[in-house]
Amino acid sequence: MTEAPGDLRTTPLFDLHRELGGRMVPFAGYSMPVQYEGILAEHRWTRESAGLFDVSHMGQRVLAGAEHSGVAAALEALTPGAFAALGEGRMRYTLLLSETGGIIDDLMVTRPAGADGRLLLVFNAGRKEIDDAYFGEHLPAGIGLRSEEDRALLALQGPKAVDALARHCPDVAGLKFMNATETTFDGTHCLVSRSGYTGEDGFEISIPAAEAEKVARALLAEPEVKPVGLGARDSLRLEAGLPLYGHDLDETTSPVEAGLAFAVAKARRETGGFPGSDRILHELADGPRRLRVGIRPAGRAPVREGAEILGPGGTRIGEVTSGGFGPTINAPVAMGYVAAAYAAPGTAIQVSGRRGPEPAEIIALPFVPPRYVR
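Here is what the cut-offs are and how they apply
- Residues numbered from 1 in each chain as written.
- Predicted model: local features only at pLDDT ≥ 70, side-chain atom pairs only at ≥ 80, totals over all residues.
- Heavy atoms only, no water.
- Helix = DSSP H or I, 4+ residues; strand = E, 2+ residues; numbered from the N terminus.
- Rg over C-alpha atoms; globule rule 2.2 N^0.38 Å.
- Buried < 20%, exposed > 50% of the residue type's maximum accessible area, 1.4 Å probe, protein only.
- Contact = heavy atoms within 4.5 Å.
- Areas by Shrake-Rupley, 256 points an atom, 1.4 Å probe, with all protein chains shown as cover.
- 1 Å grid on protein atoms, 1.4 Å probe; cavity = no way out; pocket = protein on both sides within 12 Å on 5 of 7 lines; lining within 4 Å.
- Points joined across faces, edges and corners; volume = space filled by probe spheres on them.
- Nonpolar A, V, L, I, M, F, W, Y, C, P; charged D, E, K, R; others polar.
- Arc of directions from axis to C-beta.
- Core = buried A, V, L, I, M, F, W, Y, C linked by side-chain atoms within 4.5 Å.

(A) Summary view of the overall build of the chain. The helix and strand inventory of the chain stands at 9 helices and 19 strands. Over its C-alpha atoms the chain spans a radius of gyration of 21 Å, differing by no more than 12% from the 21 Å that the globule rule assigns to 374 residues. With the C-alpha coordinates aligned to their principal axes, the bounding extent of the chain is approximately 65 × 50 × 40 Å. Burial analysis of the chain (374 residues in total) assigns 54% to the buried set. In the chain, of all internal contacts separated by at least 6 residues, the share reaching a separation of at least 24 is 64%. Only carbon and sulfur atoms are counted for the fraction: they give 52% of the accessible area of the chain, which is about 15,600 Å².

(B) Layout of empty space enclosed by the protein. For the structure on display, the rule yields 3 cavities of 30 Å³ or more. In this structure, the largest cavity occupies an estimated 60 Å³ of space. What lines the largest cavity is Leu13, Leu16, His17, Leu20, Tyr36, Leu52, Phe53, Asp54, Ala216, Leu220 and Pro227. Elements supplying a minimum of two residues to the lining of the largest cavity: helix H1 (14–19), strand S3 (50–54) and helix H6 (212–220). Its residues assigned to classes, the lining of the largest cavity shows 9 nonpolar, 1 polar and 1 charged. Quantified by volume, the second largest cavity comes out at close to 40 Å³. If you go around the second largest cavity, the residues you meet are Met32, Pro33, Tyr36, Phe53, Asp54, Val55, Val228, Gly229, Leu230 and Arg233. Looking at the lining of the second largest cavity, the elements that each hand over two or more residues are strand S2 (30–35), S3 and helix H7 (230–239). Across the lining of the second largest cavity, the residue classes break down as 7 nonpolar, 1 polar and 2 charged.

(C) Geometry of the environment of His17. Position of His17 among the secondary structure elements: in helix H1. Judged by its relative accessible area of 3%, His17 falls in the buried class. Sequence separation between His17 and Pro227 is 210 residues; the distance between their C-alpha atoms is 8.6 Å. In this structure His17 touches Thr11, Gly22, Met24, Pro33, Tyr36 and Asp54, once residues within four positions along its chain are discounted.

(D) Region of the structure containing the environment of Gly126. By the element assignment, Gly126 lies in the loop between strand S7 (119–123) and helix H4 (128–138). Separated by 97 residues in sequence, Gly126 and Gly29 place their C-alpha atoms 7.4 Å apart.

(E) View of unusual backbone geometry. Of the consecutive residues Leu365 and Pro366, the connecting peptide bond is found in the cis state with omega at 5 degrees. The phi torsion at Ala28 lies on the positive side, around 50 degrees, for a residue other than glycine. Checked against the element boundaries, Ala28 lands in the loop between strand S1 (23–27) and S2.

(F) Main features of helix H2 (residues 39–48). Among all positions in H2, only Glu42, His43, Thr46 and Arg47 are buried. Down the axis of H2, the buried side of the element spans an arc of 135 degrees, and every buried residue falls inside it. On its buried side, H2 packs onto S2, S3, strand S9 (151–157), strand S13 (225–227) and H7.

(G) The nonpolar core, seen in detail. If you look at the biggest cluster of nonpolar residues, it comprises 26 residues, and the most contacted ones within it are Leu156 and Leu165. Looking at this core, the elements that each hand over two or more residues are S3, S9, helix H5 (161–166), strand S11 (188–193), strand S12 (202–208) and H6. Among the elements that make up this core, the one with the highest residue count is H6 (5 residues). When residues no more than four places from it in sequence are discounted, the contact partners of Leu156 are Ala50, Gly51, Leu52, Ala161, Ala164, Leu165, Gly202, Phe203, Leu219 and Val225. Formed by 19 residues, the second largest nonpolar core is a distinct cluster that contains Ala72, Leu75, Leu78 and Phe123.

In structure tokens:
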């Protein structure tokens, strides 16, 4: 394998990215492709066909213990989710919370087939060491978190993803959104989930690292599939109204402020008992002070993270946390947090730009409706 510059880590597909002409950039401590053909072309291809993303930098973990029922309870002690009744082959989005109700990370949880009580977790790349330490400090005796650094993770996203993948894994065609199955890809054992981060139908494929290049090349040989980098991944998730940790989410942000209250299970709203539950249950009852919103600038210039959001009389009411150009709607789009009084769709605002305040409007998220297969 070719070495990445400096102290950057690499994924098992590093050499393939270079071979395919990927422009490599530092991201979360890794050398990752930001684009191949170009961000706009890759974005549109994913919306129309199928894009292949390398997400092997993310943290794949196994939460397990001798007391099978204790695994779910241990996770429930750190999150607002309910996992004891999570069925085999089912997935759930959840939030790792601090004692003040802030979001330490957002993650996916899967219960694989089998009676051993294991739960599979996927952490954000830039938070996995922090998450590992947090679990290490808070897990009870007998429950452990195991790193799966010997595995790779690929995401195949787009309306034709199912056609391409089913030629290698025929049984994935029957999967529904937020479900997973253990299967084989041309003889390679893998875990395939029907989920993703683009708003499109798609799959994530967890495989042994040694098999990653073979699987990626097989998918790229399909006519529907092209490689897609981090640039288009960001514009796709922004159009889909999906928050990105470190931009739209951090340890000061609560699930209610972020529009992620759906991750607080119904039973947990009644019993509490999770980190930050006092704050979060109060915000669910009385409303938060600020809310994450969609923003549509009136002009053609994108607004960027950190730009001030202004209300009547030029008063600062919030800040942009993600912004860019939305190729699907051919217009700039952004997300940010504003004081709750200004969060209603249709509210006229201004956003600070290079030439001063620019008119914009609060709009309902997402900018592009999702096309999940439920």
